[in-house]
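Coordinates in review
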Amino acid sequence: MAEPNSFSLTRSFPVKPKLKSKPRTPKQTPESKYWSSFKRHEIPNLVSSISSIAFSPTNPSIFCATHSASLTLFSTQTMAPTSTISSFRDVVSCASFRCDGLLIAASDLSGLVQVFDVKTRTPLRKLRSHSRPVQFVQYPVLDKLHLVSGGDDAVVKYWDVASQTPISDFLGHKDYVRCGACSPASMDMFITGSYDHTVKLWDARTNSKSVLEVNHGKPVEDVIFLPSGGLVATAGGNSVKIWDVIGGGKMVCSMESHNKTVTSLCVGKKLGQDSGEESDQFRILSVALDGYMKVFDYSKMKVTHSMRFPTPLMSVGFSPDCSTRVIGTSNGILYAGKRKTKESTTTNLSNPWSLGTVGEPQKRVLRPSHFRYFHRGQGEKPTEGDYLVMKPKKVKLTEHDKLLKKFRHKDALVSVLASRNPENVVAVMEELIARKKLLKCVPNLDREELGLLLGFLQKHSTLPRYSSLLMGLTRKVLELRSEDVKAYGALKDHVRNLKRSVDEEIRIQQSLLEIQGIISPLLRIAGR
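Residues numbered from 1 in each chain as written. Predicted model: local features only at pLDDT ≥ 70, side-chain atom pairs only at ≥ 80, totals over all residues. Heavy atoms only, no water.

**Topic: the overall build of the chain**
Broken down by element type, the chain carries 9 helices and 28 strands. Every one of the 528 residues in the chain was classed for burial, and the buried ones make up 41%. Sequence-distant contacts, at least 24 apart, represent 48% of the contacts inside the chain between residues at least 6 apart. Of the roughly 31,000 Å² of accessible surface on the chain, a fraction of 53% belongs to carbon and sulfur atoms. (Helix = DSSP H or I, 4+ residues; strand = E, 2+ residues; numbered from the N terminus. Buried < 20%, exposed > 50% of the residue type's maximum accessible area, 1.4 Å probe, protein only. Contact = heavy atoms within 4.5 Å. Areas by Shrake-Rupley, 256 points an atom, 1.4 Å probe, with all protein chains shown as cover.)

**Quick word on empty space enclosed by the protein**
Across all of its chains, the model carries 1 cavity of 30 Å³ or more by this definition. Here the largest cavity defines a volume of roughly 50 Å³. Around the largest cavity, the lining residues are Ile-191, Val-199, Lys-200, Leu-201, Leu-212, Glu-213, Val-214, Val-232, Trp-243, Val-245 and Gly-249. When contributions to the lining of the largest cavity are tallied by element, the ones reaching two or more residues are strand 16 (198-203) and strand 17 (212-215). (1 Å grid on protein atoms, 1.4 Å probe; cavity = no way out; pocket = protein on both sides within 12 Å on 5 of 7 lines; lining within 4 Å. Points joined across faces, edges and corners; volume = space filled by probe spheres on them.)

**Description of the nonpolar core**
Within the largest apolar cluster, 30 residues are counted, with the highest numbers of intra-cluster contacts made by Leu-413, Met-429, Phe-456, Leu-470 and Val-477. Contributing elements (two or more residues each) for this core: helix 2 (399-405), helix 3 (409-419), helix 4 (422-434), helix 5 (438-441), helix 6 (447-460) and helix 7 (467-480). With 6 residues, helix 4 is the largest single contributor of residues to this core. Filtering out sequence-adjacent residues up to four positions away, Phe-456 remains in contact with Leu-417, Pro-422, Val-425, Val-426, Met-429, Ser-461 and Leu-470. (Core = buried A, V, L, I, M, F, W, Y, C linked by side-chain atoms within 4.5 Å.)

**Re unusual backbone geometry**
A positive phi is found at Cys-322, a non-glycine position, where the angle reads about 65°. Positive phi values are uncommon outside glycine, yet Lys-436 reaches one of about 60°. Accessibility expressed as a relative area gives 68% for Lys-436, which makes it exposed.

**Quick notes on the layout of surface pockets**
Put simply, the second largest pocket is a space of about 420 Å³. Along the walls of the second largest pocket sit Tyr-373, Arg-376, Gly-377, Gln-378, Glu-380, Pro-382, Asp-386, Tyr-387, Leu-388, Val-389, Met-390 and Lys-391, which together make up its complete lining. Considering only residue class, the lining of the second largest pocket consists of 6 nonpolar, 2 polar and 4 charged. (Nonpolar A, V, L, I, M, F, W, Y, C, P; charged D, E, K, R; others polar.)

**Topic: the sheet that holds strand 14 (residues 177-182)**
Within the open sheet, the 4 strands sit side by side as 14-15-16-17. Their pairing is antiparallel. Each end of this open sheet is capped by a strand with a single partner; those strands are strand 14 and strand 17. Each neighbouring strand pair of the sheet contributes to a mean axis angle of 20°, computed without reference to strand direction. Pairing between strand 14 and strand 15 (residues 189-194): 5 bridges, direction antiparallel. (Pairing = 2+ DSSP bridges. Axes fitted to C-alpha atoms, helices over the stretch in contact; angles between N-to-C directions.)

**Quick word on the environment of Ala-69**
Tracing the sequence through the fold places Ala-69 in the loop between strand 3 (62-67) and strand 4 (70-75). With near-sequence residues (within four places) excluded, Ala-69 lies in contact with Ile-85, Ser-86, Phe-88, Asp-90, Val-91 and Val-92.

**Here we look at the packing of helix 3 against helix 4**
One can describe the packing of helix 3 onto helix 4 by two numbers: an axis separation of 9 Å at closest approach and a directional angle of 165°. Taken together, the axes of helix 3 and helix 4 are roughly antiparallel relative to one another. Remark: the crossing between helix 3 and helix 4 carries left-handed chirality. Touching His-409, Ala-412, Leu-413, Val-416 and Leu-417 of helix 3 are Asn-424, Val-425, Val-428, Met-429 and Leu-432, all from helix 4. Broken down by class, the residue content of the contact of helix 3 with helix 4 amounts to 8 nonpolar, 2 polar and no charged. (Parallel < 35°, antiparallel > 145°, perpendicular 65-115°, else oblique. Left-handed = near helix turned anticlockwise from the far one by under 90°.)

**Structural notes on the packing of aromatic side chains**
According to the stated counting rule, one finds 13 aromatic pairs in the structure shown. Centroid distance Tyr-34 to Trp-35: 5.1 Å. Interplanar angle 85°. Geometry classified as edge-to-face. The exposure classification of Tyr-34 matches that of Trp-35, with both residues buried. Judged by centre distance (5.3 Å) and plane angle (50°), the rings of Phe-170 and Trp-202 are tilted. One end of the pair, Phe-170, is in strand 13 (residues 165-171); the other, Trp-202, is in strand 16, with 32 residues separating them in the sequence. Since its relative accessible area comes to 1%, Trp-202 is described here as buried. Ring pairs connect the aromatic residues Tyr-34, Trp-35, Phe-38 and Phe-318, which therefore count as one cluster. (Phe/Tyr/Trp six-rings, centres within 6.5 Å; stacked < 30°, edge-to-face > 60°.)

**Structural notes on the confidence of the model for the chain**
Residue-level pLDDT values for the chain average 86, and 90% of them are 70 or greater. This stretch, residues 1-9, has a pLDDT under 50; its non-local contacts, to residues over four places away or in other chains, come to 2 contacts. Here residues 343-357 is a poorly scored stretch, pLDDT under 50, and it has 4 contacts once near neighbours within four places are set aside; other chains count. (pLDDT = per-residue confidence, 0-100.)

**Quick notes on the environment of Leu-454**
As for its position among the elements, Leu-454 is in helix 6. With relative accessibility at 2%, the residue Leu-454 sits in the buried group. Spatially, the C-alpha atom of Leu-454 lies 8.1 Å from that of Leu-498, the residues being 44 residues apart in sequence. Those residues in contact with Leu-454 that lie beyond four places of it in its chain are Val-477, Val-485, Leu-491, His-494 and Val-495.

Spelled out as structure tokens, the structure:
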């Protein structure tokens, strides 16, 4: 028969620290994982600030970047420049591909709009009518014959490209026209944004006033149509606002997550894995002078992802096939992100002699009628109908946990003090407090063990994470072992260092209180 004082513990639980700090960065969401999957590729050595980025709507999708007096075309496969168009007299401000991807229109600050052949890079048309720098040029969706442009003369022009003459001049803005976009739902509707804080919707079929006008409240830097054609996003100041065009220009929401001026917007598409909530969804990508790119889910009205870059950002673009994201900066560097896509394993049907891809040999399904079925290892994955019998894993205990299990409290405290892991030391102390044995261990420590304890208290008692426990323990240790401290010089040194650490912490706290007393009246006055 077992003795009444002996205990048999069926399970052992290792001591864990309770004051473990939480991670600063939250766990990545599926949305963040998707946008972080675009591998960053840096394209340096462009001359100056990249004012505009445009993607070709056809495959193979290429993109262009306007910088200084040049327009450079890049391949989305290799991220290398393929050709450069430099027949400009002034800084290139904007570029736009035609719907078939064969032509590209570009504007510069001399007031000239030119149309180039993408393959030969030869200028086909030169459109002269603006009296001041042209800030934007845009091809209407599915329209190969017309162009829309606007500039610092506050005039929006609708061009007939073949005859090189403006069909209509739209007047109404009172300041520089800085941006514009064409509707994806109609070839005749387009929108413009100006430094007079207004955004106007125009109809090319009527040479009159604007169809709709909204006030952003700040100088407008960029405007885009959302894919449905019924919503418009505008960027100005540090805010991005969404307007309902069909509903008469009602503001749907306002996003103010940037700290500085938002410079460019584009529409990105998040590819889903399954149907339902994870299906393909559109997002608004915004960049600003604060160096941040934000991804905005306008269906839920919240920012779902944010990415930091080392320089101010000037432009952003997203490819139609959702595989490439390009960001232009103020110092001539392009940050191109390429998303990894799974290679297709289908055979080439156009070539009847192709052997296709060689797949892995299928593993034979084991059944209870086979002898090998009963010799499967632990690496074998269970099937749906199998009943799993889980073997409890043996808990690996550290030295101090083994000593606590044997109720050798003083030895456990000395063992964990020798390991010099503050989290484990505090965890053992909390366990001893729960067992009401910590203060009983202190008088039993010899000189070297007491030196270990005082050294630990001197090093960690002023830390905010542990001070609530260790400061009280320090006071008790000095009360219980005051005679020993006076008798040995090494212990006196520990106490002297401990006093110096406490005095330094008190001095820091007093300085912080003085600073708080100075700042709080200023904040109160600023709040008024």
